[in-house]
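# Observations on the three-dimensional arrangement
Take a look at the letters that make up each chain.
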Amino acid sequence: MDKEPLILFIEQILPISRATVERIANQFDDSVFAKNEYFVRAGKVSNDYLFLTDGVMRAFTLDTDGREVTTGFYVKNRVVFEVSSFFMRRISDENIQALTDCRGFVLTFDKLNQLFHTMPEFREFGRAMLAREFAAFKQRTLALINQSAEERYADLIRTNREVFQYAQLKHIASYLGITDTSLSRIRREYAKKG
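It should be emphasised that the depicted structure is a prediction, and the values quoted were computed from it without experimental measurement.

Pairing of strand S4 (residues 57–62) with strand S5 (residues 68–74), which is carried by 6 bridges, proceeds in the antiparallel orientation. When the sheet's bridge partners are listed, Ala59 is paired in S5 with Gly72. Connecting S4 to the antiparallel partner S5 that follows it, the hairpin turn spans 5 residues, and Gly66 within it adopts a positive phi of roughly 85 degrees. The pairing of S4 with strand S7 (residues 95–98) spans 4 bridges and is classified as antiparallel. Bridging from a neighbouring strand, Phe60 pairs with Asn95 of S7.

Now the structure itself:
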């Protein structure tokens with residue numbers, strides 16, 4: 001599989017020499033996930049860090065009543081991993097599942113640590129990625145507090161339109177923190193505006 005999307009992604013996050021980026025990219029292995037296959041399973045320790053080149057994945061957990069609650073969507077050209085399980089080596093409370101056939105490049109925990117310790121450029125890339133993902137997590141948390149459901153819906157359309165092609169409406173509703181009925185109303189109102 002062509003690693004050019006991964007190379008371009010790394011260069012976008014941290015401008016470093018092409019030769020260094022290619023050395024980093026060569027540590028990633030091709031990976032394929034069939035629709036509905038799990039990348040991360042709750043109850044297990046996550047060992048892989050994925051750069052998704054094609055497809056859509058959904059992260060979810062179970063609430064206290066055993067209902068699925070979507071915690072995230074991942075689309076192409078995004079990094080996918082369960083951060084607390086991967087870095088802290090803890091059992092995951094979250095699942096990450098392919099909503100479509102997916103392809104990408106995987107780096108194991110051991111390889112990632114080897115790169116951290118041997119390549120200062122990769123350490124900087126990793127630091128930049130963690131800061132970027134933490135900022136995105138913080139924005140999502142704040143949006144659940146200080147944005148209306150309509151604003152969160154519009155933001156999801158703007159940033160991850162492909163999610164609407166592949167995710168079930170109940171998964172989108174739970175991600176937005178609303179009921180299926182509220183999502184239907186918001187969709188109707190949004191369609192009238194567009």
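The set of residues buried in helix H1 (residues 4–13) consists of Leu6, Ile7, Phe9, Ile10 and Ile13. The buried residues of H1 occupy an angular sector of 160 degrees when the element is viewed end-on, so they sit on one face. On its buried face, H1 sits against helix H2 (18–25), strand S3 (48–54), strand S6 (78–80), strand S8 (102–108) and helix H5 (120–146).

What follows is about unusual backbone geometry. One non-glycine residue, Asn36, lies in the positive phi region at around 75 degrees. With respect to the helices and strands, the residue Asn36 is situated in the loop between strand S1 (29–33) and strand S2 (38–40). For Asn36, a relative accessible area of 47% gives the class partly exposed. For Asn77, which is not a glycine, the phi torsion comes out positive at approximately 65 degrees. Assessed through its relative accessible area of 36%, Asn77 is described here as partly exposed.

Cut-offs used in this document
- Residues numbered from 1 in each chain as written.
- Predicted model: local features only at pLDDT ≥ 70, side-chain atom pairs only at ≥ 80, totals over all residues.
- Heavy atoms only, no water.
- Pairing = 2+ DSSP bridges.
- Helix = DSSP H or I, 4+ residues; strand = E, 2+ residues; numbered from the N terminus.
- Buried < 20%, exposed > 50% of the residue type's maximum accessible area, 1.4 Å probe, protein only.
- Arc of directions from axis to C-beta.
- Contact = heavy atoms within 4.5 Å.

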